[in-house]
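Per-entry structural report
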Amino acid sequence: MTGPVTLIETMLWDGAAYPRLALHLARLTASARAFGLTCDPAAIRAVLPAPDGAARVRLTLDADGPQVTLGPLPPAAAHWRVALAEARLDSADPWLRHKTTRRKLYDETRATLPAGIDEAIFLNERGEVCEGTITNLFFDRGQGMRTPPLTSGLLPGVLRAELACPEELLSAADLPHVRLWLGNALRGLIPAVWLG
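Residues numbered from 1 in each chain as written. Predicted model: local features only at pLDDT ≥ 70, side-chain atom pairs only at ≥ 80, totals over all residues. Heavy atoms only, no water.

**Description of the overall build of the protein**
Keep this limit in mind: In this text, helices come from DSSP runs of H or I with a minimum length of four residues, and strands from runs of E with a minimum of two, each type numbered from the N-terminal end. Radius of gyration here uses only the C-alpha atoms, and the compact-globule reference equals 2.2 Å multiplied by the residue count raised to the power 0.38. Exposure classes here rest on a 1.4 Å probe applied to the protein chains alone. A residue is buried below 20% of its type maximum, exposed above 50%, and partly exposed in between. Residue contacts follow a heavy-atom distance rule, with two residues in contact if any of their heavy atoms lie within 4.5 Å. Areas reported as accessible are Shrake-Rupley estimates using a 1.4 Å probe. Residue values count occlusion only from the protein chains shown. Only four residue types enter the tally: Lys and Arg on the positive side, Asp and Glu on the negative side; His and the chain ends are excluded. One atom stands in for each charge, and that atom is NZ of Lys, CZ of Arg, CG of Asp or CD of Glu.
In terms of regular secondary structure, the protein is built from four helices and ten strands. In the protein, the succession of helices and strands from N to C terminus is β-α-α-β-β-β-α-β-β-β-β-α-β-β. Radius of gyration (C-alpha) of the protein: 17 Å, near the 16 Å computed for a compact globule of 196 residues. Considering only C-alpha atoms, the protein reaches an extent of 45 × 40 × 35 Å along its principal axes. The 196 residues of the protein split such that 47% are buried. Put simply, of all contacts in the protein between residues at least 6 apart along the chain, 62% involve residues at least 24 apart. By element, 54% of the accessible surface of the protein is carried by carbon and sulfur atoms, the whole surface being about 9,600 Å². Distance between charge centres in the protein, computed from 20 positive and 21 negative side chains, equals 1 Å.

Rendered as structure tokens:
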């Protein structure tokens with residue numbers, strides 16, 4: 001992992017607080033350390049706005065320091081319709097463990113979602129389920145909620161850390177037979193409908 005890097009944290013401001021701020025800062029600090037960037041949690045807290053009403057807050061960190069942009073909170077959905085992404089992830093790719101602006105595959109896949117599909121799920125080179133374009137995946141085979149292991153090749157998401165579900169491998173063939181949820185720190189946990 002070489003060259004300039006910009007780290008990202010997309011956070012929920014619920015109108016009164018950042019509910020998962022400590023987890024965002026922990027991930028940001030760990031990634032900054034991995035890339036040799038300076039990350040001062042107190043300085044990050046100082047630049048975070050407190051807008052009127054709920055908002056989507058995008059924090060970036062690079063060699064020049066932190067930057068913040070505000071946006072509207074996406075509307076909540078009762079469920080998301082999901083299908084497989086055509087592209088595969090390489091489970092050994094170290095970039096998958098960090099949320100950065102190096103997101104071309106994710107952004108292109110999201111931009112070309114077919115009509116009627118809300119999210120695409122990536123597999124790795126072994127056919128293991130990894131993650132969505134903007135979400136981590138959670139599932140239940142009837143023994144409680146699980147999530148794919150980081151070794152499959154996915155981002156250690158903030159919501160994933162908060163839920164602290166046991167890790168378990170999930171294959172593409174299993175997807176029609178498990179209860180599914182998708183989620184991230186901004187949107188929370190969203191029930192998912194598998195459309196194949």
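**As for the nonpolar core**
Basically, it comes down to this: As used here, the term nonpolar core means buried Ala, Val, Leu, Ile, Met, Phe, Trp, Tyr and Cys residues forming a set that is joined through side-chain atoms within 4.5 Å.
By size, the foremost hydrophobic cluster in this structure holds 19 residues, and its most contacted members are Leu-7, Met-11, Tyr-18, Leu-28, Ile-44 and Leu-61. At the level of elements, β1 (7-13), α1 (21-35) and β2 (55-62) are the ones that each hand at least two residues to this core. With five residues, the single largest contributor to this core is α1. Those residues within four positions of Met-11 in sequence are excluded, and the remaining contacts are Tyr-18, Leu-21, His-24, Leu-48, Ala-55, Arg-56, Val-57, Leu-59 and Leu-186. Of all hydrophobic cores here, the second largest spans 15 residues; its members include Val-82, Leu-170, Leu-182 and Ile-190.

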